[in-house]
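Spelled out from the first residue to the last, the chains are:
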Amino acid sequence: MTSVTTTPALVRDLAPTGTLRASINLGNPVLAQGTPEAPAGITVDLAREIGARLGVPMELLCFDAARKSYEAMATGRADLCFLAVEPAREAEVAFTAPYVVIEGVYAVPRDSALTSPEEVDAPGVRIGVKAGSAYDLYLTRTLRHAELVRGEEGVDTFAAQGLEAGAGIRQPMTAYAAAHPEVRLLDPRFMQIRQAVGTPVTRSAETVAFLRATIEELKANGFVTASLERAGQDRGLLAGPEGQRDGTE
């Protein structure tokens, strides 16, 4: 597969300042690791590859939460974002197909009577979530009975306030449960989180098509898989080709 062609108009549209500005969420350890001064991971690799294809300098704007990364792009401070596809974001963001798919899971006290994700959506159940995260947005629009309690980290809010459940991404939640024997995870997942590249919806159709085709190429040629492995992440997180359903709710 050959690289997607760029044009001067496309470069000006996607990087209007002459520098490609990408917002990076260091709050998701599957997607980005390191520090704001030296970030690493799949989102950093994708941003740099897109910048290289455009032939422009790169600027990585690092944040500790998805909502801050989203706000940077929505307010014109960033040209690219790396976020989960969610209806609440699509009014402002034109997304590619996902490049990885991760899972959202619940943690509960080990002695909890809850045994499945479905049982969590019940009167009297309070769920700790990271404010503005993909799973916060998803649960906000899908829960019917349970109450969301928002904080800086869902599992920390769950623990600090003695809530009935905490929501989060499987990998860090698994590590948390391993370090806290008083907690267990509920399987299976309550959602799949489709992580994609986004740009403002005001960008041209050519620009959005370029990003979508580039991500498909990087999924197909092994770039995404190699980046995941370098970061110590499971290569099985790779999303399928565009148009193929990943079992997403």
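Here, every reference points to the structure presented above.
Caption draft 1: The pattern of salt bridges, seen in detail. Enumeration according to the criterion identifies 16 salt bridges in this entry. Among the ionic pairs, Arg-126 bridges to Glu-164, the shortest N-O distance being 2.9 Å. One end of the pair, Arg-126, is in strand E8 (residues 126-130); the other, Glu-164, is in the loop between helix H6 (154-161) and strand E10 (165-169), and 38 residues separate them in sequence. Residue Glu-164 is classed as partly exposed on the basis of its relative accessible area, which comes to 25%. Among the ionic pairs, Asp-187 bridges to Arg-170, the shortest N-O distance being 2.7 Å. Taken as a pair, Asp-187 in strand E11 (residues 183-200) and Arg-170 in helix H7 (residues 170-179) lie far apart in primary sequence, 17 residues in all. Judged by relative accessible area, which is 46%, Asp-187 ranks as partly exposed. Salt bridges linked by common partners bring Glu-103, Arg-170, Asp-187 and Arg-189 together as one network.

Caption draft 2: Molecular detail of the packing of aromatic side chains. As enumerated under the stated definition, the model contains 2 aromatic pairs in all. Measuring from ring centre to ring centre gives 4.3 Å for Tyr-106 and Phe-190, while their planes differ by 20 degrees; the resulting arrangement is stacked. Here Phe-190 lies in strand E11 and Tyr-106 lies in strand E7 (residues 100-109), a separation of 84 residues in the sequence. According to the relative accessible area criterion, Tyr-106 is buried, its value standing at 2%. Aromatic ring contacts, followed pair by pair, group Tyr-106, Tyr-138 and Phe-190 into a single cluster.

Reading the values: the criteria
- Residues numbered from 1 in each chain as written.
- Predicted model: local features only at pLDDT ≥ 70, side-chain atom pairs only at ≥ 80, totals over all residues.
- Heavy atoms only, no water.
- Salt bridge = Lys/Arg side-chain N within 4 Å of Asp/Glu carboxyl O.
- Helix = DSSP H or I, 4+ residues; strand = E, 2+ residues; numbered from the N terminus.
- Buried < 20%, exposed > 50% of the residue type's maximum accessible area, 1.4 Å probe, protein only.
- Phe/Tyr/Trp six-rings, centres within 6.5 Å; stacked < 30°, edge-to-face > 60°.

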